[in-house]
Amino acid sequence: MIQTATKKLTIYRKKQFFSALMPYWIVFSISKEDFMKKYELTDDRSCEITQFGHPIPRMDFNPQEWGMPIKNGEMLKIEITDENVKSVFAITMDGILSNEILLEPESDHYKVLVTTDGGWTVLPYPVLIVEADKDVL
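Just so it is clear, the structure is predicted and the values come from calculations on it, not from any experiment.

Moving on: the overall build of the protein chain. The helix and strand tally for the protein chain stands at one helix and eight strands. Ordering the α and β elements of the protein chain from the N terminus gives β-β-α-β-β-β-β-β-β. Within the protein chain, buried positions represent 42% of all 137 residues. In the protein chain, of all internal contacts separated by at least 6 residues, the share reaching a separation of at least 24 is 70%. In the structure as shown, the protein chain presents an accessible area of about 8,600 Å², 53% of it carried by carbon and sulfur atoms.

Structure below.
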């Protein structure tokens, strides 16, 4: 019997006031490059803004089809058994993308912090910070 290596992701979304009501989705079923091609995106964050400073969604999609929701201050534990999964990134409901974290074959557990950059004068966007760790529970 062939056993595939399981990758474990512990993802924590940092509590931050200015992004508290902004939902994020953690995406690992498709690479960021393939996702951007599918929706014809040329960059991570450009979108139109309303006169009130709210982003206008730049694509018609259902983020729940692509990822797992993560709320402000929430922690997710994800086990990935699909050996084709090579990366993880986050997305907002408006189509704003985070950076992509590559999942290296030699690491079996990742701790990922999701934080938000931007804020009052710049459109908030998700940022992923990772620490590979083989000795985590």
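Now, onward.
Here we take up the sheet that holds strand 3 (residues 67–70). Taken in spatial order, the four strands line up as 3-2-5-6 in an open sheet, and their pairing is antiparallel. The open sheet terminates on both sides in strands that have one partner only, identified here as strand 3 and strand 6 (101–102). Here four bridges tie strand 2 (residues 24–27) to strand 3, and the two strands are oriented antiparallel to one another. In the strand pairing of strand 3, Y24 is matched with I70.

Only one face of strand 4 (residues 75–80) is covered, namely the one carrying L76, I78 and I80; the face carrying M75, K77 and E79 has none of its residues buried. With six bridges connecting them, strand 1 (residues 7–13) and strand 4 associate as antiparallel partners. Across the sheet, I11 pairs through a bridge with L76, a residue of strand 4.

If a probe the size of a water molecule is rolled over the atoms, the empty space left behind becomes visible. Taken as a whole, the second largest pocket spans an internal volume of roughly 200 Å³. For the second largest pocket, the lining is made up of 13 residues, of which A5, K7, E83, V85 and P105 are closest to its centre. Residues belonging to the lining of the second largest pocket are distributed by class as follows: five nonpolar, three polar and five charged.

Bringing the nonpolar core into the picture now. Core analysis: the biggest nonpolar cluster contains 18 residues, and L9, I11, I26, I78 and V88 have the highest contact counts within it. Secondary structure elements with two or more residues in this core: strand 1, strand 2, strand 4, strand 5 (87–92) and strand 7 (109–117). Once you skip the residues sitting within four places of it in the chain, I11 turns out to touch I26, I70, E74, M75, L76, I78, V112 and V114. Membership of the second largest hydrophobic core comes to 13 residues, among which are V27, M36, Y39 and L97.

The next point concerns unusual backbone geometry. We note that E40 has phi near 55°; this positive angle belongs to a residue other than glycine. E40 sits in the exposed class, given a relative accessible area of 70%.

This next bit is on the packing of aromatic side chains. Each aromatic ring pair is described using two quantities: the centre-to-centre distance and the angle formed by the ring planes. Under the counting rule described, the total for this entry stands at four aromatic pairs. Judged by centre distance (5.6 Å) and plane angle (90°), the ring pair of F35 and W66 falls under edge-to-face. In this pair, F35 is assigned in helix 1 (residues 32–38) and W66 in the loop between helix 1 and strand 3, connecting sequence segments 31 residues apart. A centroid spacing of 6.3 Å and a plane angle of 85° characterise the contact between Y39 and W66, whose relative ring orientation is edge-to-face.

The rules behind the values
Residues numbered from 1 in each chain as written. Predicted model: local features only at pLDDT ≥ 70, side-chain atom pairs only at ≥ 80, totals over all residues. Heavy atoms only, no water. Helix = DSSP H or I, 4+ residues; strand = E, 2+ residues; numbered from the N terminus. Buried < 20%, exposed > 50% of the residue type's maximum accessible area, 1.4 Å probe, protein only. Contact = heavy atoms within 4.5 Å. Areas by Shrake-Rupley, 256 points an atom, 1.4 Å probe, with all protein chains shown as cover. Pairing = 2+ DSSP bridges. 1 Å grid on protein atoms, 1.4 Å probe; cavity = no way out; pocket = protein on both sides within 12 Å on 5 of 7 lines; lining within 4 Å. Points joined across faces, edges and corners; volume = space filled by probe spheres on them. Nonpolar A, V, L, I, M, F, W, Y, C, P; charged D, E, K, R; others polar. Core = buried A, V, L, I, M, F, W, Y, C linked by side-chain atoms within 4.5 Å. Phe/Tyr/Trp six-rings, centres within 6.5 Å; stacked < 30°, edge-to-face > 60°.

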